[in-house]
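Spelled out, the chains give:
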Amino acid sequence: SVNAGNAHKIQFPYVTRWISVINNSTQDVRVGFSQLGVSGSNYFTVAKKVTSGGTSSSGRLELKVSDLWLYSPGQTTSVDVIAGLTSISRGKTSGSIGPSWSGSAGVG
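What counts and what doesn't
Residues numbered from 1 in each chain as written. Predicted model: local features only at pLDDT ≥ 70, side-chain atom pairs only at ≥ 80, totals over all residues. Heavy atoms only, no water. Buried < 20%, exposed > 50% of the residue type's maximum accessible area, 1.4 Å probe, protein only. Helix = DSSP H or I, 4+ residues; strand = E, 2+ residues; numbered from the N terminus. Pairing = 2+ DSSP bridges.

Caption draft 1: Spotlight on the pairing of strand S3 (residues 29-32). Going residue by residue along S3, you find Val29 and Val31 tucked away on one face and Arg30 and Gly32 tucked away on the opposite face as well. With three bridges connecting them, S3 and strand S4 (residues 44-46) associate as antiparallel partners. By the bridge assignment for S4, Arg30 is matched with Thr45. The pairing of S3 with strand S6 (residues 67-71) spans three bridges and is classified as antiparallel. Residue pairing for S6: Arg30 is matched across the bridge by Tyr71.

Remember, this is a structural readout, not a statement about activity or role.
Structure (C-alpha cells):
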C-alpha cells in the first residue's frame, strides 16, 4: 500500500520490459520515475476504482525502468504492480552520478 502523502519507491531487481499498475482503492495514485516527479508535476495518474470490488489499471506499459515511484496525496492507497523483467541488472542503469533517470535532468 501507498501511505497518504508519502512517496513509495519500488526497486526492481532487473530492468523491466513492461509494467502494469493496478489501483484497488477509491483514491487516485500518481506514478512516476523519481520522488521529485511524483511529488511535483511529472507523473501520470492511475485513476481510482469506480465500482465496489473493482479496480483501475494503467494497462501494460512497455517501459524499461529499474525503479518506479508511487504517491497518493489523499488516503492510503492499495496498489499492485506487475512487471515483466529483462536479464539486465539494475546496476547497469546507474552511472557515476546515480540512476540515469533520477529526475535531476528533467526526467520524472
